[in-house]
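Coordinate inspection notes
Next come the chains, spelled out residue by residue.
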Amino acid sequence: MKSLILIGFMGTGKTTLGKELAKRLQLPLVDLDTVIVQEQQMEIGEIFVRFGEETFRQMEHEVLCRYAAQPNLIISPGGGAVLRAENRAVMREHCFVISLLAQPQIILERVNQERTVRPVLEQREPGQSKLERIEQVLEQRMLCYREADLLLDTSHCPVEQLANQVVTWLKEQTGEAL
Ligand code: S3P
């Protein structure tokens, strides 16, 4: 089967749903940020500070190309992996693209619960709140997040239910029992 790739802004639940789907479908989960951190021996925030965002985007592109063409994976890329048109083309060519959406307020609550440094949310103009920054970046990226085979709003939906929706949809797509 073609791999599944879960796109979406940070805090939309890519990792949570990815883990649930990996369990349900008995497939390995590949978190692309984790691959980058392991290979660079450096946290994402540190890569941004030391090398800049462009270098990170190039690493992200290379890791995506390496995994997207492999079958039978659940792939969770970082939220900005959709920014390059080339990346979106690679995803669409090789994978089932599932896009996770969530309301900005929900995203804020979720990211505030985690300790991970989110460089894109730190890049705020003076006086800009974190919620305003989330709304701004979401708006810039929304068309990219809509380029998908299946769109799911994760704002108020339990992960088990989301996984059910994906599995049902996947059965329709593949004609397989799964
Ligand atoms: C980013 C999202 C992060 C990480 C990096 C950049 C983005 O991944 O790749 O901080 O541009 O939205 P998550 O979406 O997993 O938080």
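Residues numbered from 1 in each chain as written. Predicted model: local features only at pLDDT ≥ 70, side-chain atom pairs only at ≥ 80, totals over all residues. Heavy atoms only, no water.

1. Structural notes on the site of the ligand
In the vicinity of the ligand lie 13 residues, with K14, D33, R57, R118 and R141 positioned nearest. Take G79: an N or O atom from its main chain is 2.8 Å from an oxygen atom of the ligand. Backbone polar atom of G80 to an oxygen atom of the ligand: 3.3 Å apart, as the coordinates give it. Isolated, the ligand exposes 390 Å² of accessible area, and the fraction of that covered by the protein chains is 91%. Mapped by element, the contributors of at least two residues to the shell around the ligand are α4 (53-68) and α7 (119-122). Tallied by class, residues from the shell around the ligand come to five nonpolar, three polar and five charged. (Near = heavy atom within 4 Å. Polar contact = N/O pair within 3.5 Å; in protein donor to acceptor, adjacent residues only side chain to side chain. Areas by Shrake-Rupley, 256 points an atom, 1.4 Å probe, with all protein chains shown as cover. Helix = DSSP H or I, 4+ residues; strand = E, 2+ residues; numbered from the N terminus. Nonpolar A, V, L, I, M, F, W, Y, C, P; charged D, E, K, R; others polar.)

2. Quick word on the sheet that holds strand β1 (residues 4-8)
In spatial order, the strands read β2-β3-β1-β4-β5; together these five strands make up an open sheet with parallel pairing. Of all the strands in the sheet, the pair left with one neighbour each is β2 (29-31) and β5 (150-153). Going from strand to strand, the sheet's axes swing by 25° on average, the running direction of each strand aside. Relative to β5, strand β4 (residues 96-101) runs parallel, the two being bridged by four bridges. Across the sheet, L100 pairs through a bridge with L152, a residue of β5. With respect to the sheet, helix α2 (residues 32-40) is in contact with β2 and β3 (74-76), its orientation differing from that of β2 by roughly 60°. (Pairing = 2+ DSSP bridges. Axes fitted to C-alpha atoms, helices over the stretch in contact; angles between N-to-C directions. Contact = heavy atoms within 4.5 Å.)

3. Section: helix α5 (residues 85-94)
Since the α-helix advances by 3.6 residues per turn, residues separated by three or four positions end up pointing in the same direction. Those residues of α5 that sit buried are N87, R88, V90 and M91. Taken end-on, α5 shows its buried residues confined to a sector of 160°, consistent with a single buried face. The inward-facing, buried residues of α5 abut β1, α4, β4 and α8 (130-146). (Buried < 20%, exposed > 50% of the residue type's maximum accessible area, 1.4 Å probe, protein only. Arc of directions from axis to C-beta.)

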